[in-house]
Amino acid sequence: MTTTVPTPPATPLPPLRGADWLLAHDPRLRLLAAGLFALVVVSLNQLSSSGAALALALGLTVAARLDARALARRLLALTGFLLIMLLTLPFTTPGTSWFTLGSLSASTAGRDLALLILCKATAVMLTLTILVGTLDPLAFAQALGRLGVPHRLTQLLLLTIRQIHLIDAESIRLRQALRARAFVPRTDWQTWRTYGWLIGMLLVRSFARAERLLEAMRCRGFRGRFYRLDTPTWRTADSLAALGWLLLLGGLLWFDQHADVQALGAML
Amino acid sequence: MTPMIAPLLELQRVSFDYHGQRVLHELDFQVYPGERVALIGANGAGKTTLLHLLVGLKRPSAGQIIAFGRVRMCEADFYDVRARVGLLFQDADDQLFCPTALEDVAFGPLNLGRSPQQARADALATLETLGLREFAERVTYRLSAGEKRLVALATVLAMRPEVLLLDEPTTGLDDATAARLTAYLATLEQTMLLVSHDGPFLAQLATRAVRLAGGTVAH
Ligand SMILES: Nc1ncnc2c1ncn2[C@@H]1O[C@H](COP(=O)(O)OP(=O)(O)O)[C@@H](O)[C@H]1O
Ligand SMILES: [Mg+2]
């Protein structure tokens, strides 16, 4: 009944810690900067300006001094997906031929498109990870709330973050229980039924746990609003950083408009 | 008990059902100031349910709940009850949700409207008295079961409640930690309702015992 079973130390991803200068900035600034950057980068049309955006993101990465391995683990999921797309795009986009592989023909337009997407996606992913990924869940929820996001949504987010870890721990415990009774997955009816039960059990348990968590919060006077020990204040440094960031983004947009197609060709 | 003193918490002919299955049946129960009542009974007797009824997490299907001299019916009635009655949950994982122990302990005081400075001071002082000072900045889900239980107790105590409802506080603790917890609780002057199967723990703390069986108080 009670969980005296030692909970497995299930932390799928360890928290990321950024450099001190990054932590010193108001979380609201970091959210806005990341959001704006994503919007600008998505609107870029040129490979050269997208490359510049990626360079900017890489510069930020170096300056943020994150744990390289932790960062790599986070980016791996996206990279796998990108790789598949990078390898298929040249062959599926029509245009002048770049090279042929048997009966398949790769186009230069497809190559450029693939590179464009690679630059944009990596740049956005890096900036998001560095600016937002280094926020702890409570700080993230609080910043969203102070930016005008409804309390219900920030609550949902916060509890989801907390629940993911508990669901993971629960699933490990359930799978251990299965293995302890000599369960070996096969492609038969019994296996599928067992997995069905496992998932059903997981959902029911998670729901019950979420309810108990909310009850415990209500017992401690929770009425839908989060108060925090530290409420970060917006400082002059934040305004300066915001200004600098806006200038850089403006520069990117300008570069995108005026990038010379010839020069681009020479660069490649 | 002396009839002149009014009970802090009282259930009057309270019944409770889970999906048509009766758990408590016309139960009468009182907790008086200064008492440490042991609530005992088999698994599934309804002890946890009774604690949850007292702080308004569940509503009775019949009967009345009276807390601090007033009948409590709706959610808003229980706001101030929850500020004055601290409930320690059976499973500490249900109670802790903040990234660090310090934030978790400060959560209640902040909700009660104390200033961040005050809440931080309260949280640190509570952790200190429980010998948990070095856990303040630790991530709560990485703590051991015993540490989690103590931090969960700190989250309740930091609100400075007048009454403590403790749901199996020593379950899952090793002997040394359980002894430390018992000794600490013995120094508190709060009125307590203790749900436990731990004989030595109850023998040391409780001033009287109430047994739940068949949905009512067994004599
Ligand atoms: N969420 C629930 N849904 C349905 N029945 C429940 C639920 N929680 C508890 N019960 C039932 O209510 C009864 C009392 O439970 P509980 O108060 O937790 O007992 P105790 O704490 O004394 O072990 C048990 O028979 C249990 O099966
Ligand atoms: Mg119980």
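Residues numbered from 1 in each chain as written. Chains lettered and ligands numbered in written order. Predicted model: local features only at pLDDT ≥ 70, side-chain atom pairs only at ≥ 80, totals over all residues. Heavy atoms only, no water.

A closer look at the UniProt feature "transmembrane region" (unreviewed entry) in chain A
Residues and elements named next belong to chain A. Put simply, the rule reads: UniProt positions are given in the numbering used here, feature names are shortened, and annotations may be inferred rather than shown by experiment. Secondary structure is summarised from DSSP: a helix means a run of H or I of at least four residues, a strand means a run of E of at least two, and numbering begins at the N terminus for each.
Residues given the UniProt feature "transmembrane region" (unreviewed entry) here are residues 31–63, 75–93, 113–135 and 235–255. Between the end C-alpha atoms of residues 31–63 there is a gap of 18 Å, over a span that is 91% helix and 0% strand. With 95% helix and 0% strand, residues 75–93 has its two end C-alpha atoms placed 26 Å apart.

Some details on the packing of aromatic side chains
Spelled out, the test is: In this analysis, rings of Phe, Tyr and Trp, with Trp reduced to its six-membered ring, are considered paired at centre separations within 6.5 Å, and the interplanar angle assigns stacked below 30 degrees, edge-to-face beyond 60, and tilted for intermediate values. Remark: exposure states derive from per-residue accessible area (1.4 Å probe, protein chains only) relative to the maximum for the residue type, with buried under 20%, exposed over 50%, and partly exposed in between. Look at NZ for Lys and CZ for Arg. If either is within 6 Å of the ring centre and within 35 degrees of the ring normal, a charge sits over the ring.
According to the stated counting rule, one finds 8 aromatic pairs over all chains in the structure shown. Centroid distance Phe37 of chain A to Trp245 of chain A: 5.6 Å. Interplanar angle 35°. Geometry classified as tilted. A residue pair is termed long-range when its members are at least 10 positions apart, and Phe37 of chain A in helix H2 (residues 27–43) and Trp245 of chain A in helix H9 (residues 236–258) qualify at 208 residues. Judged on exposure class, the residue Phe37 of chain A and its partner Trp245 of chain A are both buried. With a centroid separation of 4.9 Å and an interplanar angle of 90°, the aromatic rings of Phe97 of chain B and Phe107 of chain B are classed as edge-to-face. Here Phe107 of chain B lies in helix H3 (residues 101–111) and Phe97 of chain B lies in the loop between strand S6 (85–88) and H3, a separation of 10 residues in the sequence. Comparing Phe97 of chain B with Phe107 of chain B, the two get one shared label, buried. Among the aromatic residues, ring-to-ring pairing joins Phe91, Trp98 and Phe99 of chain A into one connected group. Taking the ring centre of Trp98 of chain A as reference, the NZ or CZ of Arg111 of chain A above it sits at 5.0 Å. One Lys or Arg, Arg223 of chain A, reaches over the ring of Tyr79 of chain B and ends 3.7 Å from the middle of that ring.

A look at the coordination of the magnesium ion (ligand 2)
Residue and element names in this part refer to chain B. To be explicit about the condition: The rule for donors is simple: N, O or S, within 2.8 Å of the metal, or within 3.2 Å if the metal is Na, K or Ca. Water isn't counted, so a site may look like it is missing partners.
Of the protein atoms, only Thr48 (OG1) and Gln90 (OE1) coordinate the magnesium ion (ligand 2), at distances of 2.0 to 2.5 Å. Here Thr48 is found in helix H1 (residues 47–54), whereas its partner Gln90 is found in the loop between S6 and H3, with 42 residues between them in sequence. A residue is classified by how much of its surface remains accessible, and Gln90, at 22% relative accessible area, is partly exposed.

Quick word on the interface of chain A and chain B
Heads up, the rule is: Between two residues, a contact is recorded if the distance between any of their heavy atoms is within 4.5 Å. By convention, the term buried area covers the 1.4 Å-probe accessible surface removed from two parts as they join, with the contributions of both added. Salt bridges are counted wherever a side-chain nitrogen of Lys or Arg sits within 4 Å of a carboxyl oxygen of Asp or Glu. Throughout this entry, Asp, Glu, Lys and Arg are counted as charged residues, while Ala, Val, Leu, Ile, Met, Phe, Trp, Tyr, Cys and Pro are counted as nonpolar. The remaining residues, Gly among them, count as polar.
Contact residues are listed per partner, giving 30 residues for chain A and 36 residues for chain B. Carbon and sulfur atoms supply 58% of the area that chain A and chain B bury against each other, a total of about 3,200 Å² over both sides. Ranking the residues of chain A by area buried against chain B places Cys219, Arg220 and Leu229 of chain A at the top, with a combined share of 28%. In this assembly, chain A and chain B are joined by 5 salt bridges. Asp94 of chain B is the salt-bridge partner of Arg209 of chain A, the closest N and O atoms lying 2.9 Å from each other. At the level of secondary structure, the elements contributing two or more residues to the side of chain A that touches chain B comprise helix H7 (151–180) and helix H8 (189–219) of chain A. Here the side of chain A that touches chain B takes 8 residues from H8 of chain A, the largest share from any one element. Partitioning the side of chain A that touches chain B into residue classes produces 12 nonpolar, 7 polar and 11 charged.

Examining empty space enclosed by the protein
Under the convention used in this document: Within this scheme a cavity is a closed region of a 1 Å grid, computed over the protein atoms alone, that accommodates a 1.4 Å probe without allowing it to escape, whereas a pocket is open but has protein on both sides within 12 Å along at least five of seven lines; lining residues each have an atom within 4 Å of a point. Grid points are joined across faces, edges and corners, and a volume is the space filled by probe spheres set on the points.
Tallying each qualifying case throughout the model produces 2 cavities of 30 Å³ or more. Put simply, the largest cavity is a space of about 60 Å³. Along its surface, the largest cavity is lined by Leu138, Phe226, Tyr227, Arg228 and Leu229 of chain A together with Cys98, Glu103, Ala106, Phe107 and Leu110 of chain B. Tallying contributions element by element places H3 of chain B first for the lining of the largest cavity, with 4 residues. Residue composition of the lining of the largest cavity, grouped by class: 8 nonpolar, no polar and 2 charged. In this structure, the second largest cavity is lined by Cys219 and Arg220 of chain A together with Val85, Gly86, Leu87, Gln95, Val156 and Met159 of chain B. Residue contributions to the lining of the second largest cavity peak at 3 residues, all from S6 of chain B. Split by residue class, the lining of the second largest cavity holds 5 nonpolar, 2 polar and 1 charged.

Let's talk about the domain arrangement of chain A
How big an interface is tends to be expressed through the accessible area that disappears when the partners come together. Here is the rule we go by: An automatic or database domain assignment is the source of the domain bounds shown.
Split by domain assignment, chain A resolves into domain 1 (17–135 + 235–268) and domain 2 (147–233). When each unit is reduced to the centre of its C-alpha atoms, the spacing between domain 1 of chain A and domain 2 of chain A is 33 Å.

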